[in-house]
Amino acid sequence: MAWTNEVDSWQSKHHPVLYDIGRVALGLFLLYKGLMFISDTSALAQIMEKSQFEFVAFGLAHMVAFAHLVGGPMIALGLKTRFAAAVQIPILVGAVLFVNPNRGFYSENTELWVSIVVLMVLVVYLIGGSGYYSLDRKMDEHATRTDPLWHHDTHSY
């Protein structure tokens, strides 16, 4: 994945702080949505009532909540952001295509528009990765410092 290395290299040189602020905001929003989803049992009951396969709907609803509750903090902290975003994208595609259009495509259907924006932002972080101010970068720095090959002086030939 050479393109991911190029993106990471650019971010290391430029340190776009707004990118990291956006990542934290996205992660906290997903965490919030996960908390709202598990706290609103009536919405879960409605999903199961509309489904012909209640057990599948029940399991899927819990998987979505779990993905948001775990993936949101991972994205916010910059920990395996590409993976966490990749897990969230199918959920948001489902929300955009199947859940929110049932309410109409009108401007007052804010859930649909929020889902579309979050989906687009997730794609940005899937491509862009964690960013400069992230746990991923800190762990990479630590691994580089503790690697015995890193201490090798290449200029002494």
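Treat the numbers as computed from the prediction; the structure is a model and nothing was measured.

Cut-offs applied
- Residues numbered from 1 in each chain as written.
- Predicted model: local features only at pLDDT ≥ 70, side-chain atom pairs only at ≥ 80, totals over all residues.
- Heavy atoms only, no water.
- Helix = DSSP H or I, 4+ residues; strand = E, 2+ residues; numbered from the N terminus.
- Polar contact = N/O pair within 3.5 Å; in protein donor to acceptor, adjacent residues only side chain to side chain.
- Phe/Tyr/Trp six-rings, centres within 6.5 Å; stacked < 30°, edge-to-face > 60°.
- Buried < 20%, exposed > 50% of the residue type's maximum accessible area, 1.4 Å probe, protein only.
- Lys NZ or Arg CZ within 6 Å of the ring centre and 35° of its normal.
- Expected span 1.5 Å × (residues − 1).
- Axes fitted to C-alpha atoms, helices over the stretch in contact; angles between N-to-C directions.
- Parallel < 35°, antiparallel > 145°, perpendicular 65-115°, else oblique.
- Left-handed = near helix turned anticlockwise from the far one by under 90°.
- Contact = heavy atoms within 4.5 Å.
- Nonpolar A, V, L, I, M, F, W, Y, C, P; charged D, E, K, R; others polar.
- 1 Å grid on protein atoms, 1.4 Å probe; cavity = no way out; pocket = protein on both sides within 12 Å on 5 of 7 lines; lining within 4 Å.
- Points joined across faces, edges and corners; volume = space filled by probe spheres on them.

Undergrad: What am I meant to see in the side chain of Ser-115 here?
TA: With respect to the helices, strands and loops of the structure, Ser-115 is situated in helix H6 (residues 110-128). A distance of 2.9 Å separates the side chain of Ser-115 from the backbone oxygen of Glu-111, its partner in a polar contact.

Undergrad: What am I meant to see in the packing of aromatic side chains here?
TA: Each aromatic ring pair is summarised here by two numbers: the centre-to-centre distance and the angle between the ring planes. Taken as a whole and judged by the stated rule, the model has two aromatic pairs. Ring plane angle 90 degrees and centroid distance 4.8 Å describe the contact between Tyr-132 and Tyr-133, whose orientation is recorded as edge-to-face. Taking the relative accessible area as the measure of exposure, Tyr-133 reaches 44% and is therefore partly exposed. A cation over an aromatic ring shows up here: Arg-137 above the ring of Tyr-132, its NZ or CZ 3.6 Å from the ring centre.

Undergrad: Which parts of the structure should I look at to understand helix H2 (residues 17-39)?
TA: Helical geometry note: an α-helix holds 3.6 residues per turn, so side chains three or four residues apart project in the same direction. Under the 1.5 Å per step criterion, the end-to-end length of H2 is 33 Å for 23 residues, consistent within 8% with the ideal 33 Å. Taken together, the buried positions of H2 are Tyr-19, Asp-20, Arg-23, Leu-26, Gly-27, Leu-30 and Gly-34.

Undergrad: Could you clarify how one ought to interpret the packing of H2 against H6 in this entry?
TA: Helices that pack against each other are described as a pair by the angle of their axes relative to one another and the distance between those axes. Between H2 and H6, the shortest axis-to-axis distance is 11 Å and the interhelical angle comes to 130 degrees. Between H2 and H6, the interaxial angle falls into the category oblique. Remark: the crossing between H2 and H6 carries left-handed chirality. Residue-level contacts link Tyr-19, Gly-22, Arg-23, Leu-26, Phe-29, Leu-30 and Lys-33 of H2 to Glu-111, Val-114, Val-118, Val-121, Leu-122, Val-124, Tyr-125 and Gly-128 of H6. Grouping the constituent residues of the contact of H2 with H6 by class yields 10 nonpolar, two polar and three charged.

Undergrad: Is there a simple way to explain the layout of surface pockets in this structure?
TA: Vacant regions in the atomic arrangement are exposed by a probe of water-molecule size rolled over the atoms. By volume, the second largest pocket amounts to about 340 Å³. Lining the second largest pocket are 16 residues, and of these Asp-8, Ser-130, Asp-136, Arg-137 and Asp-140 lie nearest its centre. Of all the elements in the fold, those that place two or more residues in the lining of the second largest pocket are helix H1 (2-14), helix H5 (81-99) and helix H7 (135-146). Looking at the lining of the second largest pocket, the element that brings in the most residues is H7, giving five residues. Tallied by class, the residues present in the lining of the second largest pocket amount to two nonpolar, seven polar and seven charged.

Just geometry here; none of it tells us what the structure is for.
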